[in-house]
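Here are the chains, one letter per residue:
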Amino acid sequence: MIVRPRRLRSTKAIRDMTCETRLSPSMFVYPVFVREGHNINEDIPAMPGQKRYSPDKLPVILERAVKAGIGGVLLFGIPEHKDETGSEAWREDGVIQTAIRTAKREFPGLTVIGDVCLCEYTSHGHCGLLKGETVDNDSTLDVLARVAVSQARAGADIVAPSDMMDGHTGAIREALDAGGMTGTLIMSYAVKYASAFYGPFREAAGSAPSFGDRKTYQMDPRNVREAVKEALLDVGEGADIIIVKPGMPYLDVLKTVKEAVNVPVASYCVSGEYSMIKAACANGWLNEKNVACESAVCLARGGADVIITYYALELAEWMREGWL
Ligand code: PBG
């Protein structure tokens, strides 16, 4: 007798009925770069198809996000002026605060997530305050808390600290609660590796460190137990959702973390992953739709409840067309 697993693959209807992984547009989060200024809508060369918008131009892309029915948008601010302490990051009418206010005013039902970090705002490009040539963890915490509070005041539904300082989630939770913003969620980058896949993002945000690297605060790609430790700490400090980043090269980490925590886990499919697909497709070496859809499926299968991806809009639109 032949055992026939193939029978379950015999028609699309049966494959769809029995598949183990199901995606929905509501699980996708779309990262958007917002730069200071007016009437700006500029291409990002290393990330074809992605742009930097000034706050006044943001509604165009947000409207597409709302129509696509995705879960939310993750906003990154790029200020005109950078300084040692990243002070533009917490200015009440800074670029990110203005972007958040615009987004919530135009689309009150859209979930808006603010990136909380200093690297886009500091002249040295590091994610925290410096003491000499090293990033000083503890003095950075107060600043991050200020940034988070300013974003929550501007209307952010969720704040997402991507700085990798120890204790960031607890510091932000305390500050939010003290300011009466007990309902603001924290989506913490608990597990963020010192990855070379962030290259295109740093070009997009102008946030490459001017000296050294981020290996003293971001994680070593050789480790996975450390990921569980970081995740449990952030959950203990009050993280509502945790992020594992990057995406596809770290599926083992995603799965391990998912099994260890009792909060939703987001996978961030980062800029380098996006650009690799784009570059190969531009050469005709890969089929963009198929590869992007398969990547999303793999992240969901690996345990992602939420997928942060530069393909969020297309994925949601392709799903409506019956591709996924
Ligand atoms: C800022 C930040 C980075 C990314 C998200 N937040 C860059 C970095 O840590 O250098 C990378 C996102 C991407 O590559 O898409 N700390």
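Above this note sits the structure.
Below or above, wherever it landed, is the structure these notes cover.

Attention shifts here to empty space enclosed by the protein. A full pass over the atoms with the stated rule returns 3 cavities of 30 Å³ or more. For the largest cavity, the calculated volume is near 140 Å³. Along its surface, the largest cavity is lined by 18 residues, and Phe 76, Lys 192, Tyr 198, Phe 201 and Lys 245 are the ones closest to its centre. Partitioning the lining of the largest cavity into residue classes produces 8 nonpolar, 4 polar and 6 charged. Put simply, the second largest cavity is a space of about 60 Å³. Every residue along the wall of the second largest cavity is listed here: Cys 269, Ile 277, Ala 292, Ser 295, Ala 296, Leu 299, Ile 307, Thr 309, Tyr 311 and Leu 315. Top contributing element to the lining of the second largest cavity by residue count: helix α10 (residues 288-301), with 4 residues.

Buried together is how nonpolar side chains tend to be arranged in soluble globular proteins. Among the nonpolar cores identified, the biggest contains 109 residues, and Phe 28, Phe 33, Ile 70, Leu 75, Met 187 and Val 191 are the most heavily contacted of them. The contacts of Val 191, once residues within four sequence positions are left out, are Met 219, Ala 227, Glu 230, Ala 231, Ile 243, Val 244, Lys 245, Val 253 and Val 257.

A few words now on the side chain of Asn 137. Mapped onto the secondary structure, Asn 137 falls in helix α4 (residues 137-154). Residues contacting Asn 137, with those up to four places away along its chain left out, are Met 165 and Asp 166.

One number sums up the size of the largest pocket: a volume of about 500 Å³. Within the residue set of the lining of the largest pocket, elements represented by two or more residues are α1 (12-18) and α10. With 5 residues, α10 is the largest single contributor of residues to the lining of the largest pocket. Per-class residue counts for the lining of the largest pocket are 7 nonpolar, 2 polar and 6 charged. Computed from the structure, the second largest pocket encloses a volume of approximately 280 Å³. In this structure, the second largest pocket is lined by 18 residues; those nearest its centre are Val 135, Lys 215, Thr 216, Tyr 217 and Gln 218. For the lining of the second largest pocket, the secondary structure elements donating two or more residues are β7 (134-135) and α7 (225-236).

A few words now on unusual backbone geometry. For the bond from Lys 245 to Pro 246, the omega torsion is -5°, close enough to zero to count as cis. Along the chain, Pro 246 falls in the loop between β10 (241-245) and α8 (251-260). Positive phi, close to 60°, is recorded for Asn 39, a residue that is not glycine. Not every positive phi belongs to a glycine, and Met 164 is a case in point at roughly 65°. Residue placement: Met 164 occurs in the loop between β8 (158-161) and α5 (168-178). Using a relative accessible area of 5% as the deciding quantity, one classes Met 164 as buried.

So, on to the packing of α7 against α8. For the pair α7 and α8, interaxial distance at closest approach is 9 Å and the crossing angle is 40°. Taken as axis vectors, α7 and α8 run oblique relative to one another. Along this stretch, α7 crosses α8, giving a crossing that reads as right-handed. Contact residues: Ala 227, Val 228, Ala 231 and Leu 232 in α7; Val 253, Thr 256, Val 257 and Ala 260 in α8. Looking at the contact of α7 with α8, its residues break down into 7 nonpolar, 1 polar and no charged.

Cut-off values and rules
- Residues numbered from 1 in each chain as written.
- Predicted model: local features only at pLDDT ≥ 70, side-chain atom pairs only at ≥ 80, totals over all residues.
- Heavy atoms only, no water.
- 1 Å grid on protein atoms, 1.4 Å probe; cavity = no way out; pocket = protein on both sides within 12 Å on 5 of 7 lines; lining within 4 Å.
- Points joined across faces, edges and corners; volume = space filled by probe spheres on them.
- Nonpolar A, V, L, I, M, F, W, Y, C, P; charged D, E, K, R; others polar.
- Helix = DSSP H or I, 4+ residues; strand = E, 2+ residues; numbered from the N terminus.
- Core = buried A, V, L, I, M, F, W, Y, C linked by side-chain atoms within 4.5 Å.
- Buried < 20%, exposed > 50% of the residue type's maximum accessible area, 1.4 Å probe, protein only.
- Contact = heavy atoms within 4.5 Å.
- Axes fitted to C-alpha atoms, helices over the stretch in contact; angles between N-to-C directions.
- Parallel < 35°, antiparallel > 145°, perpendicular 65-115°, else oblique.
- Left-handed = near helix turned anticlockwise from the far one by under 90°.

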